[in-house]
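Spelled out, the chains give:
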Amino acid sequence: MAVSANSVRDDPLTHAERRRIIFGVLLPLFLGSLDQTNLANALPTIGAAIGHVQALPWLITIYLLAGTAMTPLYGKISDIHGRRVTLRAALMLYVLGSLVCALSPNFYVLLAGRAVQGLGGGGLTALAMVVLGDIAAPKDRGRYYAYFSIVFTTSGAAGPVLGGFLAQYVHWTAIFWVNVPAGLLAIVLMTVLLRRLPRHERPHRLDLMGSALIVIASVPFMLMLNVGGKVYPWLSPPVLALGGLALLAGLGFVARLLTAPEPLIPLPILADPVVRAALGANALGWGAIFALNIFLPIFLQEGLGMTASAAGLSLMILMVSVNVGAGIAGQVIARVTHYKRLPLAGVVLAIAAMTVLLWAGEALTPLAFQLVIGTIGLGFGPLAPVSTVALQNAVLPHQFGITIGAMNFTRSLFTTMLIAACGALVLSGGPHPASGFRWVFAAAGASMVLALICLLLLEEKPLQTDAVRREGR
């Protein structure tokens, strides 16, 4: 049941209480991050067992589509009904989807199970970030972000390895079976450990029409980007139909934002220049990193002739360095006044490394290549927590859920667009695959440059403390 602002606890949480709440969301955070990567290495084994080899990538795509479409809804629902209730619902959907996947007798049931799993998984990471904002003011957020960095790094490194191991040495369904007890344990832990979580929800109404329109707009649009130029030609009737549906629903969503008494995403939030700059920097920066995350292993194997294991090492170095950079920034933010300086310097460093990758990628030695990739990740890392902190600093606590939902949705949507464009650029390389990858590196670098511009435009307002937030509530 929703509570008023006055029922929020006025006594500040102790460090031990905050850390206990953080521990309550780490397992959901780990599960949500793990399932984005743990199926990739298992796809050949799954294909050998149930067939439909050409359609197997849809098991990953459908999970991401469902999760992306649901992200704004989770944020808004948590602002209305509370984080605990919403996170519990997301976990239950995630467990149900995992159970359907584990018991699936054929590809189509497995695909449906992955969709349900994605509907739940889309809320796990986003809601964990919202909970972090609930317990820690922007000035203190970095003190606890290190726990999140550890989880992101561990899940990113363990996902492909764990999925491949279970598929090869146990059974491919074990990838989903392990999620069932883990998900149930996560429900118990969050129910117990989140009892002291501050409550900021307000008795708003959920804009069901706006929610439906954003789902109808985003799913066909991302489907169009995934099948266009690959499964169907760009100007084929199926692709044009998906694009037309996405356009109509998107226009309807914009109209709904302008006319609804309580729209899904309040317009004053989007009108705030700090929010817009933070959303842009986050989406553009992460888009570049995810593009490299997808295409670097392909470049290393097809363009440079590396083995799959060596290419996987490069990917691991990229993601580990991103989270190391984010963890360092999280600690620095609480100790400095000018918190933009570190991410600005870092993004410039990442752009310089991307320039080296663009002009000399094929000539780099393996060691030099790892250093370049590590520099890109380390340089970008500080941008992620700083953009989130700036966002939290600009909105009221009871609007933080939908704002984080909007950030995750914007990031996922732009990443999908950039990856689709990069896929077309790779294909343009023809018989010389490395030439196509040069365009990919150029596109990723351009995206990072735009992220730098957004970061420059981001107003560096003093970060709120717990005392300031309690006075202004």
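Description of the structure in this document.

Here is what the cut-offs are and how they apply
- Going along each chain's sequence as written, the residues are numbered from 1 onward.
- Where local features are concerned, this predicted model is filtered to residues with pLDDT of at least 70; where side-chain atom pairs are given and counted, the filter is 80 or more; whole-chain, interface and lining totals use all residues.
- To get the side-chain values, take all heavy atoms of the structure and skip hydrogens and water.
- The definition of a nonpolar core used throughout is a set of buried Ala, Val, Leu, Ile, Met, Phe, Trp, Tyr and Cys residues joined through side-chain atoms within 4.5 Å.
- The rule is simple: take the accessible area with a 1.4 Å probe, protein chains only, and divide by the maximum for that residue type; under 20% is buried, over 50% is exposed, in between is partly exposed.
- Any two residues whose heavy atoms approach within 4.5 Å are treated as being in contact.
- One speaks of a salt bridge when a side-chain nitrogen belonging to Lys or Arg is within 4 Å of a carboxyl oxygen belonging to Asp or Glu.
- Only DSSP runs of H or I reaching four residues or more are called helices, and only runs of E reaching two or more are called strands; each is numbered from the N terminus.
- A fitted line through C-alpha atoms represents every axis, and for helices the fit uses only the stretch in contact; the resulting angles, taken between N-to-C directions, go from 0 to 180 degrees.
- Here is the rule for angles: anything less than 35 degrees is roughly parallel, anything more than 145 is roughly antiparallel, 65 through 115 is roughly perpendicular, and the remaining ranges are oblique.
- Helix crossings fall into two classes, left-handed where the near helix is turned counterclockwise from the far one by less than a right angle and right-handed where it is turned clockwise.
- The nonpolar class holds Ala, Val, Leu, Ile, Met, Phe, Trp, Tyr, Cys and Pro. Asp, Glu, Lys and Arg form the charged class, and all remaining residues, Gly among them, are polar.
- Only residues whose relative accessible area exceeds 30% and that form no salt bridge are eligible for patches; like-charged ones are grouped when within 9 Å, while nonpolar side chains (Val, Leu, Ile, Met, Phe, Trp, Tyr) are grouped when within 5 Å.
- Residue-level accessible areas treat just the shown protein chains as cover; the underlying method is Shrake-Rupley with a 1.4 Å probe.
- Any two cysteine sulfur atoms lying within 2.5 Å of each other are counted as a disulfide.
- To estimate the expected span of a helix, subtract one from its residue number and multiply by 1.5 Å.

### Looking at the nonpolar core
So, point 1. The biggest cluster of nonpolar side chains holds 106 residues, and the ones touching the most others in it are F148, L292, L296, L357, I376 and F441.
So, point 2. Among all residues touching L296, those that are not within four sequence positions of it are L318, L357, F369, I373 and F441.

### What about the pattern of salt bridges?
So, point 1. One pass over the full model with this rule turns up five salt bridges.
So, point 2. The partner of R114 in a salt bridge is D35, and the shortest N-O contact between them spans 3.4 Å. In this pair, R114 sits in helix α5 (residues 107–135) while D35 sits in the loop between α1 (15–34) and α2 (43–50), placing the two residues 79 residues apart along the sequence. Each member of the pair R114 and D35 is classed as buried.

### Observations concerning the packing of helix α4 (residues 83–103) against α5
So, point 1. Between α4 and α5, the least distance of the axes is 7 Å, while the angle of their chain directions is 155°. Taken together, the axes of α4 and α5 lie roughly antiparallel to each other. Between α4 and α5 the crossing geometry is left-handed.
So, point 2. Class assignment for the residues of the contact of α4 with α5 results in 16 nonpolar, eight polar and three charged.

### Some details on a nonpolar patch on the surface
So, point 1. Residues V324, I328, L342 and L378 make up a contiguous nonpolar surface patch of roughly 310 Å² in combined accessible area.
So, point 2. Looking at the secondary structure, you find V324 in helix α13 (residues 308–333).
So, point 3. With relative accessibility at 38%, the residue V324 sits in the partly exposed group.

### Quick look at the environment of N38
So, point 1. Looking at the element boundaries, N38 is found in the loop between α1 and α2.
So, point 2. Through-space distance from the C-alpha of N38 to that of V227 is 23 Å; in sequence the pair is 189 residues apart.
So, point 3. Look past the residues within four positions of N38 in its chain and what remains in contact with it is G159, P160, G163 and I175.

### Points about the state of the cysteines
By definition, a disulfide is the covalent link that joins the sulfur atoms of two cysteine residues.
So, point 1. For the structure on display, the rule yields zero disulfides.
So, point 2. Among the cysteines around C422, which has no disulfide bond, C454 carries the closest sulfur, lying 18 Å off.
So, point 3. For C454, a relative accessible area of 16% corresponds to the buried category.

### What about helix α15 (residues 366–380)?
So, point 1. When the terminal C-alpha atoms of α15 are compared, their 21 Å separation across 15 residues agrees well with the 21 Å that a helix rising 1.5 Å per residue should span.
So, point 2. Within the sequence span of α15, burial applies to F369, Q370, V372, I373, G374, I376, G377, G379 and F380.

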